[in-house]
Amino acid sequence: MGRGKLRIYLGAAPGVGKTYAMLSEAHRRVERGTDCVVAFVEHHDRPRTEVMLHGLEQVPRRELEYRDATFTEMDVDAVLARRPQVALVDELAHTNVPGSRNAKRWQDVEELLAAGIDVVSTVNIQHLESLGDVVESITGVRQRETVPDETVRRADQIELVDMSPQALRRRMAHGNIYQSDKVDAALSNYFRPGNLTALRELALLWVADRVDEYLQQYRSEHQVSKIWGSRERIVVGLTGGPEGRTLIRRAARLAEKGAGGEVLAVYIASSDGLTAASPKELEVQRTLVEDLGGTFHHVVGDDVPAALLAFARGVNATQIVLGVSRRKTWQYVFGPGVGATVARDSGPDLDVHLITHGEAGKGRGLPVSRGARLGRSRIIAGWLAGVLGPAVLTVLLSTVHLGLANDMLLFLALTVAAALLGGLLPALASAAVGSLLLNYYYTPPLHRWTIADPRNIVAIVIFVGVGVSVASVVDLAARRTHQAARLRAESEILSFLAGNVLRGETGLEELLERVRETFGMESAALLERASDHDPWTCAGRAGFGPAVSRPEEADVDVPAGDHMALALTGRVLPAEDRRVLAAFAAQAAVVLDRRRLQEEADRARALAEGNRIRTALLAAVSHDLRTPLAGIKAAVSSLRSDDVAWSEEDQAELLEGIEEGADRLDHLVGNLLDMSRLQTGTVTPLIREVDLDEVVPMALVGVPEDSVQLDVPETLPMVAVDPGLLERSVANLVENAVKYSPPGRAVLVAASAIADRVEVRVVDGGPGVPDDAKERIFEPFQRYGDAPRGAGVGLGLAVARGFAEAMGGTLDAEDTPGGGLTMVLTLRAQATRAKVLHPAEPERQVT
């Protein structure tokens, strides 16, 4: 049984028509005979969406009781038992009501997919986990319900449901999204044209990035080398010289002129020549390109122009930016240079920009060898000098007779030239041809292959020996130069890699991508297993189609540890490349170990924090629990004593003491439980829209009469909160204020609306708190000043702030004019509250 396929309708904002499009697709599939059911679809009282549910089979929902209310969620077991071909699941980022099978709906969807059921779902761009900060900066609303990006990326099909901001606002004004009493507030807050435009752009760019990934995968699978100019992607060729900064800035300006432009800076470390690149300058340029939103790449290539063009075509680039050559005029006799070669070979689909800069024509800081190995042109020149040269020299000497000694010196010069140009083999050929020609034309007897004078034999042997010796020296120098150049290139790559790893700037996936790019492979994967008999698992991957089952399936595999291997696919690497690859494998293992150690450290830190809280808790409550218990015990013992006849007034007083002690214990235990829930992260607010005048008065139950003055206007907008958490927060604030307020002065509890928020102020006239202590009073087990031990363990304000933040609000302390302390509880008005906070109705409250 295979895994089901996931199709997602992605929208920029609520109301663009995601659910409607999903239901329309369901009707089309049903008409084609597909077994399609509605697992969970919320129409939010939108008539047109509700009509689309007609004619579709709906799986009954599961009812859950939570906080004295009944909610419905998708019944995963019922869907699995029904086993349709396709299930419709609305609102992928929805948070399930506590007690559900899974905490998140996307986890429910994962179960359906694992069971082989195809799923069609919907999600808004603001619910993607990686975009939370961006969306908050745009709308001012922090999305509490999110879905991991990887879940959406793994979808087999993503379809963007787009609508212009003007059209969406018209739909809102016509009442097609929210009820009429919420339209005005929504249009003036969340659904402002600027917000909708920014969210729309965010959705379009995100989908464009996913399309680009699919395109790269398709090109790789089908081996498409021709450039498809679907978007502007600019490659900057760097040499490590100071002109690189100018090129990067110029490329960034070019990218800004086109929507979605991308800059990729690449440094080619040529393995066939010594380079003059400064590692420090390369690091500066890497930082610059990343600050400008681009990426930096380090690639090894035997031929710099060919490697640069291969990289550009591999990333589907549309433009290449190069600097005008730094070589002096006389140096052009050695060739046209990298810029001219790239421009000549780029083809019609790749534009090349040659940028002038201050270093043009000034020469290089260090001489650059034409080749560590003897290049093809040098070898051809060596063969020409070694084979044709003697023949040409023979023709020339036929007209001029210089004597045998001079003739031999001229032939020896040709042999040395062949050795310097082409190495050993052209030199041997030159020596052989030259010796034969000398014997035939210039050594008596002439025109015969014999030598009459033995001294001429010695001369010819010396002639051949000198040629072979010079050729051997040239060949040895070439091999040493090649080794030095390769080691230089390897050291640059390893230094760059080690620096990034030590600074923690490279994650495992980024490192594997660097390996793939450096060696020109299609994919790279880090595999591991627990023992020699356990199956391999993939710890990280990069590229398309990595070998994730066994290292042996890859074209190249290098051990990275006892039970770890780096596997690459694409081509077979030469043995000399495996040394650098082994270093990459070791670094990959280090990165993986560091990531796991960091995870363990985070868990240990959380445990240590929990232990600290528990230790402080035990130390703080030891006296505060005993005091009321001792009072209750003494009062009960007195009442049960037969030795004393208590009057009714005495009995009432003792019973009142028992009740006060029990109330103190109840309040203390309640705060301890609340603080424990906050510390363990188990507080799950059930957000709904409520009126403050319904909740705040309930929080004042238990405080002395005439000690609180209430000012909560009925005209205030509704707030999106958890009523229970809000009541506890306000109750703790009021209790704290009454405790410190002087006798005869009532605590003021006032509420007011300011812009898109509602503030609840609890004002006391007590001694106040200095500015440097205003944050400390919100920490657990903190009591300001000389508060007596019976005043509590210092959890009230910590619990109040924790509950406020759990509801998406804030709690701060301010000075009261004239003396005292004012607690300001800020809540978002319902008109601007993200609907994602409501587990049962995650879209109804988004405005």
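One can find the structure itself at the top, above this paragraph.
Fair warning: this is a prediction, and the values are worked out from it, not measured in the lab.

(A) Here's a closer look at the overall build of the chain. Helix and strand content of the chain: 23 helices and 24 strands. By residue count, 47% of the 847 residues in the chain fall in the buried class. When contacts within the chain are restricted to residue pairs at least 6 apart in sequence, those whose partners lie at least 24 apart make up 71%. Here the chain has roughly 41000 Å² of accessible surface; of this, 55% comes from carbon and sulfur atoms.

(B) Summary view of the nonpolar core. Counting 60 residues, the largest nonpolar core has Met74, Val79, Leu88, Leu112, Ile125, Val147 and Trp206 as its most contacted members. Residue contributions to this core peak at six residues, all from helix 9 (residues 193-221). Ranked by size, the runner-up nonpolar core spans 42 residues in total, among them Val747, Val760, Phe778 and Leu811.

(C) Highlighting the sheet that holds strand 15 (residues 537-543). Spatially, four strands are ordered 15-14-17-16 in an open sheet, and the strand pairing comes out antiparallel. Since the sheet does not close on itself, it has two edges, and those belong to strand 15 and strand 16 (556-561), each with one partner. Averaged over all pairs of adjacent strands, the angle between their axes in this sheet comes to 20°, without regard to strand direction. Two elements, strand 14 (residues 523-528) and strand 17 (residues 564-569), share six bridges in a ladder whose sense is antiparallel.

(D) Quick peek at the packing of aromatic side chains. The tally for this structure, following the rule as stated, stands at zero aromatic pairs. One Lys or Arg, Arg61, reaches over the ring of Phe40 and ends 4.0 Å from the middle of that ring. One residue, Arg801, lies across the ring of Phe778, its end atom 3.9 Å from the ring centre.

(E) Focus on unusual backbone geometry. The phi torsion at Arg83 lies on the positive side, around 50°, for a residue other than glycine. Of note in the backbone geometry, Glu91 takes a positive phi value of approximately 55° without being a glycine. Residue placement: Glu91 occurs in the loop between strand 6 (86-89) and helix 4 (105-114). Given the relative accessible area of 4%, Glu91 is considered buried.

(F) Region of interest: the pairing of strand 5 (residues 69-73). As paired elements, strand 4 (residues 62-66) and strand 5 share five bridges and run antiparallel to each other. Bridge pairing in strand 5 links Glu65 to Thr70. Joining the antiparallel neighbours strand 4 and strand 5 is a turn of two residues, in which Arg67 adopts a positive phi near 55°.

(G) Seen up close, the pattern of salt bridges. Enumeration over the complete set of coordinates arrives at 28 salt bridges. Salt-bridge contacts for Glu759 lead to Arg757; the nearest nitrogen and oxygen are separated by 3.6 Å. What you see here is one network of salt bridges that share partners, running through Arg7, Glu25, Arg28, Arg29, Arg32 and Glu159.

(H) Up close: the packing of helix 21 (residues 692-699) against helix 22 (residues 723-740). Where helix 21 contacts helix 22, the axes come no closer than 8 Å and their chain directions differ by 45°. On the basis of their axis angle, the class for helix 21 and helix 22 is oblique. Along this stretch, helix 21 crosses helix 22, giving a crossing that reads as right-handed. Note on element contacts: helix 22 touches helix 21 through Pro723, Leu726, Glu727, Val730 and Ala731, opposite Leu692, Val695, Val696, Met698 and Ala699.

(I) Up close: helix 22. The first and last C-alpha atoms of helix 22 sit 26 Å apart over 18 residues, in line with the 26 Å expected at 1.5 Å per residue. Every buried residue belonging to helix 22 is among Pro723, Leu725, Leu726, Ser729, Val730, Asn732, Leu733, Val734, Asn736 and Ala737, and all of these are buried.

(J) Representation of the sheet that holds strand 8 (residues 157-161) in the model. Read from one edge to the other, the open sheet built from six strands follows the order 3-2-6-7-1-8, with strand pairing classed as parallel. Edge positions in the open sheet fall to strand 3 (57-58) and strand 8, since each of these has one partner strand only. Seen against the sheet, helix 1 (residues 18-31) touches strand 1 (6-11), strand 2 (36-40), strand 6, strand 7 (118-124) and strand 8 and runs at an angle of roughly 145° to strand 1. Set on the sheet, helix 4 makes contact with strand 1, strand 2, strand 6 and strand 7; between it and strand 6 the angle comes to about 180°.

The rules behind these values
- Residues numbered from 1 in each chain as written.
- Predicted model: local features only at pLDDT ≥ 70, side-chain atom pairs only at ≥ 80, totals over all residues.
- Heavy atoms only, no water.
- Helix = DSSP H or I, 4+ residues; strand = E, 2+ residues; numbered from the N terminus.
- Buried < 20%, exposed > 50% of the residue type's maximum accessible area, 1.4 Å probe, protein only.
- Contact = heavy atoms within 4.5 Å.
- Areas by Shrake-Rupley, 256 points an atom, 1.4 Å probe, with all protein chains shown as cover.
- Core = buried A, V, L, I, M, F, W, Y, C linked by side-chain atoms within 4.5 Å.
- Pairing = 2+ DSSP bridges.
- Axes fitted to C-alpha atoms, helices over the stretch in contact; angles between N-to-C directions.
- Phe/Tyr/Trp six-rings, centres within 6.5 Å; stacked < 30°, edge-to-face > 60°.
- Lys NZ or Arg CZ within 6 Å of the ring centre and 35° of its normal.
- Salt bridge = Lys/Arg side-chain N within 4 Å of Asp/Glu carboxyl O.
- Parallel < 35°, antiparallel > 145°, perpendicular 65-115°, else oblique.
- Left-handed = near helix turned anticlockwise from the far one by under 90°.
- Expected span 1.5 Å × (residues − 1).

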